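# A look at the structure
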Amino acid sequence: MSGIDVGEELGARAAQARALALLRIRSRALAVVITPAAVAVVLFAAGAQGHLGGAFWDGVRWAVAAVAVVVLLVAAAVAVSVARARPAVSPTVPVAEEGAPDLYRLVRDLADRLGVPAPSAIALTPDCDSWLEDRTHRAHRGGAGREAKETAPVLVIGSPFLWWMRVAELRAVLAPVVAGTDSSAHPDIAAARRFVRGLDAAVADGAAPGRGALRGAPVTFAGWVARLLLRACREHAAEMERCVAATASMRAQGVDYALRIAAQEQVGLAYAGWDRLLTRVALPAWRMGRWPSRLDAGVVSALTELSRRDRLADGFTSRLGERPACDLLEEPGVADEATSLLAARLFHGGPAESGPDWAPVDWQQYPEEVVDRKWRTEAARLHRVLDAMGVPPASAADPAVPTLARVMEHLAGPGGPGEELAAGIGAAVARDDARTPAPGPAQLAPVGTGPDPLDLWGPDPLPLFPLQPPRTGTELLADHVAAMVCCAAVDTAGAAPGLDWLDGPALLVDGERRADLATPVLSLVEDGDPDPLRSWLAEVGVRSDKPVRLV
């Protein structure tokens, strides 16, 4: 027996031992519940046989029986709450087998090579990670029968992996994940996981707002009991999952191990490119009511650009001649659009349906639909705040038209006017954000468009994962002044809005990106010094006294 086989067996035994420890906690909790009933049975049996007679023992018997009934009723209520609680499930886009037969075939072949059960289904998530997810709870299966307990978990794959990785790399990365289905099929580990997930769901239900005092008291109490049990399970559950992961990793070492080492570099690179694409490119579009419909294809462009700029990533683009993993999908464009919309809903809170104020945008339309509208919207907001503050127009300008000179003269004036303007911009942005409807419960997709990937959430509000912390007033002011400068450059110097895959909205002058605008803008905003910006405007040929078209 090899060292890997020995280590795998030891890891499996350790995981099973931790699972049994979790089940013993459940058994001890059950023993505590039935102890008063057992004592009552003993007392009544003794009385029936002529032992422990008299008024005193009769009173003890009935008192213990009453306690036993109360404890059993409370325990039954807690058990019902735990059983009815919906375990957390990740928002994903399901991938049907008829829509990706090659991907399902790859996963099943991988499971056969590993000697483990194949996952029951495949789903995509807008994240750079992959995992197995148990969805055997009745709330996730629409009331399936007892065979649900024997169903293998769902394989969740990060959608950026499919577009950036090659087929062999994806197989190598998924090997240790698929190997985890062996532990999921173990009855003790599966029962322990169901126990822990039920407790976790009950805790979440108990903490959920919106219930009255009378209706919410039982659920809150059940959540408190579940929290006590969960605290006792914490160490064993964590160690069990570590042992399961270690066992799966050792089992997968026999499949594409050398390639997996190289593929892990692609995982880190994909994460970096995906993060930049979301925060620098997608987020400005979402704020403008547009959602890029090809985010996964965009991550390839972003990483290609990163490879061109960063010598550490040099050579990674040479892999692009091989077959991409997205070719395993029958319609990769449809899957890309679905995961792109899911990303917008998770990271920004956009609605489930497209409309005039929430429309898809492709990369060719991005400069006009997003960048230009963003600049002009922010420039218009800047002038509205100046109007509200009573700031006069520039000395040489028509009072009826907005100009860059007005902004520069105000910020260069005495008395530190930038702080007041920054506060006004921050308040205006907050008011505009308040007008945007907050994301509510997951809405169902229209009939005929297929199931909504967030249906599993039920009526609960969607969780939001903000990509950036709230911006300060100074940062917002700098963005608005830069937007005003870009509008003036487009309208008076022949510049154009553009898209940089790593930095988002970009100003193109003579077809080349100008990335040196931030420093002179900050000098004006923070120090009140307009000279660096005037020099920049003169170099580009921008007329600050000319009117600027706003939204």
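Report follows, based on the coordinates. None of these values were measured; they are calculated from a predicted model.

### A short note on the pairing of strand β2 (residues 121-125)
- With respect to burial, β2 is a largely interior element, 4 of its 5 residues being buried.
- As judged from the 3 bridges shared by strand β1 (residues 93-95) and β2, these two strands associate in the antiparallel manner. Paired with Pro94 across the strands is Ala123, a residue of β2.

### Quick look at the packing of aromatic side chains
- One pass over the full model with this rule turns up 5 aromatic pairs.
- Relative to Trp57, the ring of Phe56 has its centre 5.4 Å away and its plane inclined at 75 degrees; by these criteria the two rings are edge-to-face.
- With centroids separated by 4.9 Å and ring planes inclined at 75 degrees, the aromatic side chains of Trp363 and Trp501 adopt a geometry described as edge-to-face. Residue Trp363 is found in the loop between β6 (359-361) and α13 (366-389), and its partner Trp501 is found in the loop between β7 (496-500) and β8 (504-509); the two are separated by 138 residues along the sequence.

### Side note on the environment of Ala79
- You can see Ala79 is positioned in helix α2 (residues 55-84).
- Between the alpha carbons of Ala79 and Ala222 there is a distance of 8.2 Å; along the sequence they are 143 residues apart.

### Examining empty space enclosed by the protein
- Counted by the stated rule, this structure contains 1 cavity of 30 Å³ or more.
- Its boundaries defined by the atoms lining it, the largest cavity holds a volume of some 30 Å³.
- The wall of the largest cavity is formed by Tyr104, Val107, Arg108, Ala118, Pro119, Ala121 and Ile122.
- Within the residue set of the lining of the largest cavity, elements represented by two or more residues are α3 (101-114) and β2.
- When residues of the lining of the largest cavity are assigned to their parent elements, the largest contribution, 3 residues, is made by α3.
- Of the residues contributing to the lining of the largest cavity, the split by class is 6 nonpolar, no polar and 1 charged.

### With respect to the environment of Asp433
- Residue placement: Asp433 occurs in helix α15 (residues 417-435).
- Linking Asp433 and Arg287, residues 146 residues apart in sequence, is a C-alpha distance of 9.1 Å.

### A short note on the nonpolar core
- Counting 110 residues, the largest nonpolar core has Trp286 and Val481 as its most contacted members.
- The element that contributes the greatest number of residues to this core is helix α16 (residues 473-493), accounting for 13 residues.

### Some thoughts on unusual backbone geometry
- In this structure, Asp510 takes a positive phi of about 55 degrees despite not being glycine.
- Secondary-structure assignment places Asp510 in the loop between β8 and β9 (512-513).

### Let's talk about the side chain of Arg135
- Following the sequence through the fold, Arg135 ends up in the loop between β3 (130-133) and α4 (138-141).
- At 3.3 Å, the side chain of Arg135 forms a polar contact with the backbone oxygen of Ser90.
- Side-chain polar atoms of Arg135 contact the side chain of Thr92, separated by 2.9 Å.

Rules used in this analysis
- Residues numbered from 1 in each chain as written.
- Predicted model: local features only at pLDDT ≥ 70, side-chain atom pairs only at ≥ 80, totals over all residues.
- Heavy atoms only, no water.
- Buried < 20%, exposed > 50% of the residue type's maximum accessible area, 1.4 Å probe, protein only.
- Helix = DSSP H or I, 4+ residues; strand = E, 2+ residues; numbered from the N terminus.
- Pairing = 2+ DSSP bridges.
- Phe/Tyr/Trp six-rings, centres within 6.5 Å; stacked < 30°, edge-to-face > 60°.
- 1 Å grid on protein atoms, 1.4 Å probe; cavity = no way out; pocket = protein on both sides within 12 Å on 5 of 7 lines; lining within 4 Å.
- Points joined across faces, edges and corners; volume = space filled by probe spheres on them.
- Nonpolar A, V, L, I, M, F, W, Y, C, P; charged D, E, K, R; others polar.
- Core = buried A, V, L, I, M, F, W, Y, C linked by side-chain atoms within 4.5 Å.
- Polar contact = N/O pair within 3.5 Å; in protein donor to acceptor, adjacent residues only side chain to side chain.

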